[in-house]
Amino acid sequence: VVMKDVFQTRTMEEELKTRLGIKDVHIVPGDSDEYAWVQKEMGRTCVTLIKQRMAAENNVIAVTGGTSIAAVAEMLVPDSGLKETLFVPARGGLGEQVENQANTICATMARKAMGSYRLLHVPDQLSKEAYESLISEPSVQDILRLIQSATMVIHGIGEAEAMAIRRNSSSRVLGELKDKKAVAEAFGYYFNQSGEIIHKVLTIGLQLEDLEEIPCIIAVAGGASKAEAIEAYMKRRPNQTLVTDEGAARAILAKN
Ligand code: BG6
């Protein structure tokens, strides 16, 4: 039975790779919408990938917030390869509870891996003026350079509306996302079904175009409810790795 399951999962991974047009897919059994342990399994799989893909030295890992990446942090254990690693948040405040903020996750990862970390203290909902004055601060520029030098990025993907509500976005933003048919969110950017950007949260840190320069990018997102979001976001990212679950995989493959 177990061998059969492994075989089925491998087949589904191949199908999903073709369907999404990306180079690497890893599927864990179950649906994280239904069971919390499934998210932990995605976390475990992501940790294995991180270890496999680390460079020999000078690793800088940028992480986003969210419960999926918090699960990756939870699964990290000390490892000789991870010891010298520097962890940084990918972007500044994006309206998360403390335990799901990129800063918190990045500090947890560093503690668990016995690496080091740097934080980015930027408030949520920056006005243009505040953004421009913060970005010219030398201390902010220092950390920003580190973030842009990341060798690996680990990030979540969310459903557009769910993320906008979680961030207490204004009714104007919620309306705009609805009008423009946003389905996916990642790094504070919102996308429609074709993967086009339709809105962006103003904050300091990685911009979508910076991803082109980063050698290894791993998304962790599962649950049948994220099927559309995952499919939309992956239209932009053919060169990346996805860690997901059977719930999301089946829902994507079932769509026509
Ligand atoms: C947020 C990120 O912290 O987490 C988003 O800023 C991401 O970009 C989201 O989409 C994912 O959250 P979760 O809890 O579904 O993993």
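### Regarding the sheet that holds strand β10 (residues 216-220)
Across a sheet, paired strands are connected by hydrogen bonds in the backbone, their directions being either parallel or antiparallel.
Moving on, step 1. Strand order across the open sheet formed by seven strands is β1-β11-β10-β5-β2-β3-β4, with parallel pairing between neighbours. Each end of this open sheet is capped by a strand with a single partner; those strands are β1 (24-28) and β4 (116-117).
Moving on, step 2. As defined by bridge partners, strand β5 (residues 152-156) adjoins β10 across five bridges and the pair is classed as parallel. Its bridge partner lying in β10, Val153 is registered against Ile217.

### Some details on the environment of Lys40
Moving on, step 1. If you trace the backbone, Lys40 turns up in helix α2 (residues 36-53).
Moving on, step 2. Overall, the relative accessible area of 33% leaves Lys40 in the partly exposed class.
Moving on, step 3. Spatially, the C-alpha atom of Lys40 lies 15 Å from that of Thr108, the residues being 68 residues apart in sequence.

### Here's the deal with unusual backbone geometry
Moving on, step 1. For Gln125, which is not glycine, the phi torsion reads 50° and is therefore positive.
Moving on, step 2. Assignment of secondary structure puts Gln125 in the loop between β4 and α5 (128-135).
Moving on, step 3. For Gln125, a relative accessible area of 58% gives the class exposed.

### So, the confidence of the model for the chain
Moving on, step 1. Scored by pLDDT, the chain comes out at a mean of 95, with 100% of its residues at no less than 70.
Moving on, step 2. For this predicted complex, the interface confidence score (ipTM) comes to 0.99, while the overall pTM stands at 0.97.

### Structural notes on the packing of aromatic side chains
Each pair of aromatic rings is reported with the distance of its centres and the angle of its planes.
Moving on, step 1. What the rule picks out here adds up to three aromatic pairs.
Moving on, step 2. Residues Tyr35 and Trp37 carry aromatic rings whose centres are separated by 5.8 Å and whose planes lie at 25° to one another, so their mutual orientation is stacked.
Moving on, step 3. Classification of Tyr35 as partly exposed rests on a relative accessible area of 43%.
Moving on, step 4. For Trp37, a relative accessible area of 46% corresponds to the partly exposed category.
Moving on, step 5. Each residue in the set Tyr189, Phe191 and Tyr233 is aromatic and connected to the rest through ring pairs, giving one cluster.

### Some words on the side chain of Glu96
Moving on, step 1. Summarising the element assignment, Glu96 is placed in the loop between β3 (86-89) and α4 (102-113).
Moving on, step 2. Within the structure, the side chain of Glu96 is placed 2.7 Å from the side chain of Arg166, a separation counted as a polar contact.
Moving on, step 3. Those residues in contact with Glu96 that lie beyond four places of it in its chain are Gly65, Gly66, Gln101, Met163 and Arg166.

### Digging into the environment of Leu208
Moving on, step 1. Relative to the elements of secondary structure, Leu208 occurs in the loop between β9 (197-200) and β10.
Moving on, step 2. Considering only alpha carbons, one finds Leu208 and Ile61, 147 residues apart in sequence, at a separation of 16 Å.

### Here we look at the site of the ligand
Moving on, step 1. Residues in contact with the ligand amount to 17 residues; listed here are only the nearest, Thr67, Ser68, Glu96, Glu185 and Lys226.
Moving on, step 2. Interatomic distance of 2.5 Å between a side-chain N/O atom of Ser68 and an oxygen atom of the ligand.
Moving on, step 3. One nitrogen or oxygen atom from the side chain of Lys226 is found 2.6 Å from an oxygen atom belonging to the ligand.
Moving on, step 4. Burial of the ligand by the surrounding chains reaches 96%, relative to a free accessible area of 390 Å².

### Quick notes on helix α10 (residues 246-254)
Counting along an α-helix, one turn takes 3.6 residues, and residues three or four places apart therefore face a common direction.
Moving on, step 1. When we look at burial in α10, the residues that qualify are Gly247, Ala248, Ala249 and Ile252.
Moving on, step 2. Buried residues along α10 sit against α1 (2-20), β1, α9 (227-234) and β11 (241-245).
Moving on, step 3. Where α10 begins, the capping side chain belongs to Asp245, and its oxygen is found 3.3 Å from the backbone nitrogen of Gly247.

### A look at the nonpolar core
Moving on, step 1. Of all hydrophobic cores here, the largest spans 47 residues; its most connected members are Val153, Phe187, Leu211, Tyr233 and Met234.
Moving on, step 2. Once residues within four sequence positions are removed from consideration, Phe187 is found in contact with Thr64, Ala90, Arg91, Leu94, Val153, His155, Leu206, Leu208, Leu211 and Tyr233.
Moving on, step 3. Ranked by size, the runner-up nonpolar core spans 29 residues in total, among them Ile50, Ile69, Val72 and Ala110.

### A word on the sheet that holds β9
Moving on, step 1. Pairing within the open sheet is antiparallel, and its four strands lie in the order β6-β7-β8-β9. Here the strands that pair on one side only, and so sit at the sheet edges, are β6 (158-159) and β9.
Moving on, step 2. Bridging between strand β7 (residues 182-186) and strand β8 (residues 189-192) involves four bridges; their strand directions are antiparallel. Bridging from a neighbouring strand, Ala184 pairs with Phe191 of β8.

### Remarks on the packing of α1 against α10
Relative orientation and spacing of two packed helices are given, respectively, by the angle between their axes and the distance between those axes.
Moving on, step 1. Across the interface, α1 lies against α10 with an axial gap of 10 Å and an inter-helix angle of 55°. The angle between α1 and α10 places the two elements in the oblique class. With respect to the hand of their crossing, α1 and α10 are arranged in left-handed fashion. Mapping the contact onto sequence places Met12, Glu15, Leu16, Arg19 and Leu20 in α1 and Glu246, Ala249, Arg250, Ile252 and Leu253 in α10.

Rules and cut-offs
Residues numbered from 1 in each chain as written. Predicted model: local features only at pLDDT ≥ 70, side-chain atom pairs only at ≥ 80, totals over all residues. Heavy atoms only, no water. Pairing = 2+ DSSP bridges. Helix = DSSP H or I, 4+ residues; strand = E, 2+ residues; numbered from the N terminus. Buried < 20%, exposed > 50% of the residue type's maximum accessible area, 1.4 Å probe, protein only. pLDDT = per-residue confidence, 0-100. Phe/Tyr/Trp six-rings, centres within 6.5 Å; stacked < 30°, edge-to-face > 60°. Polar contact = N/O pair within 3.5 Å; in protein donor to acceptor, adjacent residues only side chain to side chain. Contact = heavy atoms within 4.5 Å. Near = heavy atom within 4 Å. Areas by Shrake-Rupley, 256 points an atom, 1.4 Å probe, with all protein chains shown as cover. Core = buried A, V, L, I, M, F, W, Y, C linked by side-chain atoms within 4.5 Å. Axes fitted to C-alpha atoms, helices over the stretch in contact; angles between N-to-C directions. Parallel < 35°, antiparallel > 145°, perpendicular 65-115°, else oblique. Left-handed = near helix turned anticlockwise from the far one by under 90°.

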